[in-house]
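Chain by chain, the residues:
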Amino acid sequence: MNILITGGAGFIGSNFVHYWIKKHPNDKIRVLDALTFAGNKANLNGVLRKIDFVEGDITSHDQVAASMKGIDTVVHFAAESHVDRSIFDPSRFWKTNVEGTQVLLEEALKAKVPRFHHVSTDEVYGELALDSKERFNEDTPYAPQPDNLYAISKAEADRVTREFYKQTGMFITISNCSNNYGPFQFPEKFIPILVTNLIDGYKAPVHGDGQHVRDWIHTSDHATAVDLILEKGKPGETYLVGSRNDVPNKYIAERIVNLYGKDDSWIKYVPDRHSNDRRYAIDSTRMIKELGWKPAITRENFDDGLKDTISWYKGHPEWWRPLLKRKAMIADGDQKVFAYVEIDRNLGKTKFIYKEQEEGKKDKLKSRMLGSDPNKVSLIVHKLKSHAWYKNSSKPIQKKVVDLVKIARTSGFVDDLANRPELMGTLKQNKIVKIEYSPDKFGIYGVAIWFEVENPQGETHVEGYYSWAMGVKSGAKLLVLIRHKDRITHLALTKEEKFPMGSVIYNLAGGFPRINESVFDLIHRKLEDDLGIDVKNGSVKLGEIIGLGRVMPDSGMTNNHPFLYALVLDLEDNIFPPIKMGEIYEGAGKLVLWPIERLQELVNKVDDSYFLSALARLTLSGVSDIKLGDKRVVWQKHQ
Ligand code: NAD
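Conventions used here
- Residues numbered from 1 in each chain as written.
- Predicted model: local features only at pLDDT ≥ 70, side-chain atom pairs only at ≥ 80, totals over all residues.
- Heavy atoms only, no water.
- Helix = DSSP H or I, 4+ residues; strand = E, 2+ residues; numbered from the N terminus.
- Polar contact = N/O pair within 3.5 Å; in protein donor to acceptor, adjacent residues only side chain to side chain.
- Pairing = 2+ DSSP bridges.
- Axes fitted to C-alpha atoms, helices over the stretch in contact; angles between N-to-C directions.
- Expected span 1.5 Å × (residues − 1).
- Buried < 20%, exposed > 50% of the residue type's maximum accessible area, 1.4 Å probe, protein only.
- Salt bridge = Lys/Arg side-chain N within 4 Å of Asp/Glu carboxyl O.
- Phe/Tyr/Trp six-rings, centres within 6.5 Å; stacked < 30°, edge-to-face > 60°.
- Lys NZ or Arg CZ within 6 Å of the ring centre and 35° of its normal.
- Near = heavy atom within 4 Å.
- Nonpolar A, V, L, I, M, F, W, Y, C, P; charged D, E, K, R; others polar.
- Core = buried A, V, L, I, M, F, W, Y, C linked by side-chain atoms within 4.5 Å.
- Contact = heavy atoms within 4.5 Å.

## Observations concerning the environment of Asn301
Here Asn301 lies in the loop between α9 (285-291) and α10 (302-315). Distance in space between the C-alpha atoms of Asn301 and Asn245 is 9.7 Å, their sequence separation being 56 residues. A polar atom in the side chain of Asn301 sits 3.0 Å from the backbone oxygen of Ala296.

## Things to note about the sheet that holds strand β5 (residues 115-121)
Spatial strand order, β3-β2-β1-β4-β5-β6-β11: 7 strands in an open sheet with parallel pairing. On the outer flanks of this sheet lie β3 (52-55) and β11 (238-241), each paired with one strand and no other. Adjacent strand axes in the sheet meet at a mean angle of 20° when their direction is disregarded. The pairing of strand β1 (residues 2-6) with strand β4 (residues 73-76) spans 4 bridges and is parallel. Bridged to Leu4 within β4 is Val74.

## Examining the environment of Val54
Of note, Val54 is situated in strand β3. Along the backbone, Val54 and Leu32 are 22 residues apart, and their C-alpha atoms lie at a distance of 4.9 Å.

## What to know about helix α19 (residues 609-620)
Relative to the 16 Å expected for 12 residues at 1.5 Å per residue, α19 spans 16 Å between its end C-alpha atoms, a close match to the ideal helical length. All of the buried residues in α19 are Tyr610, Phe611, Ser613, Ala614, Leu615, Leu618 and Thr619.

## Concerning the pattern of salt bridges
Enumeration according to the criterion identifies 24 salt bridges in this entry. For Glu107, the salt bridge goes to Lys110, with nearest N and O atoms at 3.0 Å. Placement of both Glu107 and Lys110 in helix α4 (residues 90-110) is noted, with a separation of 3 residues, approximately one turn of the helix. When its relative accessible area of 6% is taken as the criterion, Glu107 is described as buried. Given a relative accessible area of 59%, Lys110 falls into the exposed group. Ionic pairing is found between Glu597 and Arg487, a salt bridge with its closest N-O pair at 3.4 Å.

## What to know about the packing of aromatic side chains
Considering all chains together, one arrives at 18 aromatic pairs under this definition. Between Tyr506 and Trp594 the ring centres are 5.5 Å apart and the planes differ by 80°, which places this aromatic pair in the edge-to-face class. Taken together, the positions of Tyr506 in strand β23 (residues 503-507) and Trp594 in strand β28 (residues 591-595) put the pair 88 residues apart, joining distant regions of the chain. As far as burial versus exposure is concerned, Tyr506 and Trp594 are alike and both buried. Aromatic rings pair up to connect Phe16, Tyr19, Trp20 and Phe77 into one cluster. Above the face of the Phe171 ring, Arg115 is positioned so that its terminal group lies 4.0 Å from the ring centre. Note that Lys434 overlies the ring of Trp450, its terminal NZ or CZ placed 4.5 Å from the centroid.

## Side note on the site of the ligand
Around the ligand, 30 residues are found, and the nearest of them are Ile12, Asp33, Ser81, Tyr150 and Lys154. Contacts to the ligand include Gly39, whose backbone N or O atom sits 3.5 Å from an oxygen atom. In the model, an oxygen atom of the ligand is placed 2.7 Å from a nitrogen or oxygen of the Ser81 side chain. Counting residues per element, the shell around the ligand draws most heavily on β5, which supplies 3 residues. Considered class by class, the residues forming the shell around the ligand number 13 nonpolar, 13 polar and 4 charged.

## Remarks on unusual backbone geometry
Unusually for a residue other than glycine, Lys112 sits at a positive phi of about 55°. By the element assignment, Lys112 lies in the loop between α4 and β5. One non-glycine residue with positive phi stands out, namely Arg244, at about 50°. For Arg244, the position within the fold is in the loop between β11 and β12 (246-248).

## Let's talk about the sheet that holds strand β19 (residues 446-454)
Spatially, 4 strands are ordered β17-β18-β19-β20 in an open sheet, and the strand pairing comes out antiparallel. Looking along the sheet, the strands with just one partner apiece sit at the ends: β17 (423-424) and β20 (460-468). Judged from the 2 bridges that link them, β17 and strand β18 (residues 427-436) form a sheet pairing that is antiparallel. If you follow Met424 over to β18, its bridge partner there is Leu427.

## With respect to the nonpolar core
By size, the foremost hydrophobic cluster in this structure holds 31 residues, and its most contacted members are Ile191, Trp216, Ile252 and Ile256. Every element with two or more residues in this core is listed here: α6 (190-199), β8 (204-207), α8 (249-259), α10 and α11 (317-325). In terms of residue count, the dominant contributor to this core is α6 (6 residues). With residues near it in sequence (within four places) discarded, Ile252 still touches Phe190, Ile191, Leu194, Trp216, Val247 and Phe302. Grouped together as the second largest cluster of nonpolar side chains are 25 residues, Ala476, Ile482, Ile523 and Leu593 included.

Put into structure tokens, the structure is as follows:
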């Protein structure tokens, strides 16, 4: 067999490569991996000479087409999989997990690759109640709204794969597997962090109350399952893979601490993380009955799997130690400020460290950013020029549109415009007849545009639409919580007079992003621009960032669905600004710090739907409880 393994330098992919070499020594293996933060060529040490390793991106048609040459089987593991990180770079998750899967399918079809297996997750099914006996099986519907971007993008990738099978009949199978553990798992993940912390004399952190249940499977059993699906699976079928080993995290921590020779005092309960679903459990009857699969490690001998994992981490400090120090970098559009993502060993979480860009490193950083602005401008103009409706518009209008591309605030709008097709429903767009916006010096907020359109009978009339200057970019709204000495004390808001209403309103920070701006940029800029809080100045640190999903404002004018985030800002002892507990603080600018104890008063004054949605989601998700140390925010009690 000539097998292409995507994501073969990642955790599960590399375990699969090692398995395949042992089990099928005569097969030819090619690995395609972009070596992102999660990819690590060292996972393939010892076998690199036996395989063809290609560093490449599954979203690139050219690179994928080249990798398909001579291949007869594709096993697709590559993905953005670190949920904590998805909060910062949602678009990358979508691009790799959904578009990347589609590119692979298309190129496999073109290259007439006879067999394709897509690896997915049980997170697409959402969560089960803790006390339920239910298990996911092949008939379980996908969760209508999975609550993290990883799960959403994997669900969409599965859908794309199924649709592709229906349309092309290519021999495709899908597996949805439960939580994996074993060698080469990144040290920020649950089991490795417990083990590596114990090795280094730190306590073993458990999130929340430790009652979250996952169905744990050893990577070696995942590998035998995929092998069997390749051998005996039926075209178009989905197989659920799990070892019937659903146990609470607390139990795992206890087993690991004990197997390590320590007592339970080495377990430390820490605040929960966002999107921590309560229970997953898998029913693998189809795998067992139809394909004859038998996992080697189940609940009965789970200790064996854990012992094996502990001894692997003990024996390979040279593998995991550098990863603890490895920093993933996220930069803002101006490349002045950037954050490292680091592992906080005490909390068992990733944390964000802010730094100013050092001279000399800029170029390196720049090359990691997607395209520079001049490229983006010419790309948008190029797209505009491909439309008949643009070519038919008068020269002054064409100039007006192109001028808007050059203004940072409005280039997103023109990008949106340039993606409009010739036909909107049955109406053909002939040309732009009018375009209106306020002069740039007043700050362009929205753009109104009128098209001459033609119906199928050849009659013409004018249709207009209004868009935010930022175009389709969705933006974000931020619920900013102020924490001092482990206690959430205030909400940071803006207070302003709203022109159309002529009255004072309390507002969340946030809004639409600049073109090419990441969520990180936006958060950073909005804290500074809207609230006057500079996370670089040292008196305030950005703590947790909690994704709360998107919200659809009912204004009816825009198709933007802004993301909602809750941020926790930690104040240093030399407090900025001087805060008194229980008192409303009004800053010189728009900033208002509202004491958490008086939240009910605020809720009654606010009619901003973003604010109320963010607050409701934060409260209902239970996240509020965990961020607040001993003295919890008790907004439920006010109601
Ligand atoms: P991982 O993050 O450790 O590895 C992913 C690999 O994909 C990395 O080597 C990375 O460099 C590579 N990659 C990312 N983007 C790429 C791109 N654009 N082009 C090429 N390569 C790219 O993830 P993992 O935990 O090993 O998961 C592998 C697969 O198994 C994923 O599809 C995941 O959804 C699925 N899965 C994981 C689990 C689990 O418990 N970890 C459970 C069920 C299913």
